Amino acid sequence: MKKIVIFDLDDTLYNEIDFVEGRKLKPYMGTELTLQKLCDMGCTLGMITNGDLNTQMTKLKKLKLTKWFSSNNIIYADREEFMKPATGMYEQVMKLFPDSEYYYVGNNLEKDFFPANKLGWVTICMLDNGVHIHKQDFTMAKEYLPKFSIHGISEVIKLIENE
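Residues numbered from 1 in each chain as written. Predicted model: local features only at pLDDT ≥ 70, side-chain atom pairs only at ≥ 80, totals over all residues. Heavy atoms only, no water.

(A) Here's a closer look at the pairing of strand β4 (residues 101–106). Counting buried positions over the six residues of β4 gives five, a clear majority of the element. Bridging between strand β1 (residues 3–7) and β4 involves five bridges; their strand directions are parallel. Opposite Ile6, over in β4, you have Tyr104 as the bridge partner. As defined by bridge partners, β4 adjoins strand β5 (residues 122–126) across four bridges and the pair is classed as parallel. In the strand pairing of β5, Val105 is matched with Ile124. In the classification by handedness, the crossover that spans β4, the intervening helix α5 (residues 113–118) and the parallel β5 is right-handed. (Buried < 20%, exposed > 50% of the residue type's maximum accessible area, 1.4 Å probe, protein only. Helix = DSSP H or I, 4+ residues; strand = E, 2+ residues; numbered from the N terminus. Pairing = 2+ DSSP bridges. Right-handed = clockwise from strand over helix to strand, strands pointing away.)

Now the structure itself:
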């Protein structure tokens, strides 16, 4: 079965505080290798974001990640009722890639995992490295919590290989 791996951008692939404070953007260590390995494994990559498409594309260009993410595989909230934690963007992925296994890698416990969990996706949380914008409270209700938590992006490979 085809594996669809969908990422959040901010504080999942780089430190969002760098963008907020106008510093040079750089992806987390191992991001490029991880994305390439996932592609080599036959996974389809994509992104779901509440951010404006132009702003997110600018970030991706600065991060040098457009090889893996283009406007063709980014689903963004073009209206408020579509924004996470609504399920709309996740359902759109499922329509684009039916009969697949879906993985979501994010970081925001309040909005990222609830819709993916509701739809039966495998959810993976990038743990706060001490500078995330959104603090993580793992005492939240179970439906908001990810199935797995990781400290580094490269851990995604092993989780997907083992699922």
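(B) Expanded view of the nonpolar core. In terms of nonpolar packing, the biggest core is built from 31 residues, with Val5, Phe7, Leu38 and Phe69 touching the most fellow members. For this core, the secondary structure elements donating two or more residues are β1, α2 (31–40), β2 (44–49), α3 (53–63), β4, β5 and α6 (155–162). Counting residues in hydrophobic clusters, the runner-up holds 17 residues, among them Ile4, Ile6, Tyr102 and Ala116. (Core = buried A, V, L, I, M, F, W, Y, C linked by side-chain atoms within 4.5 Å.)

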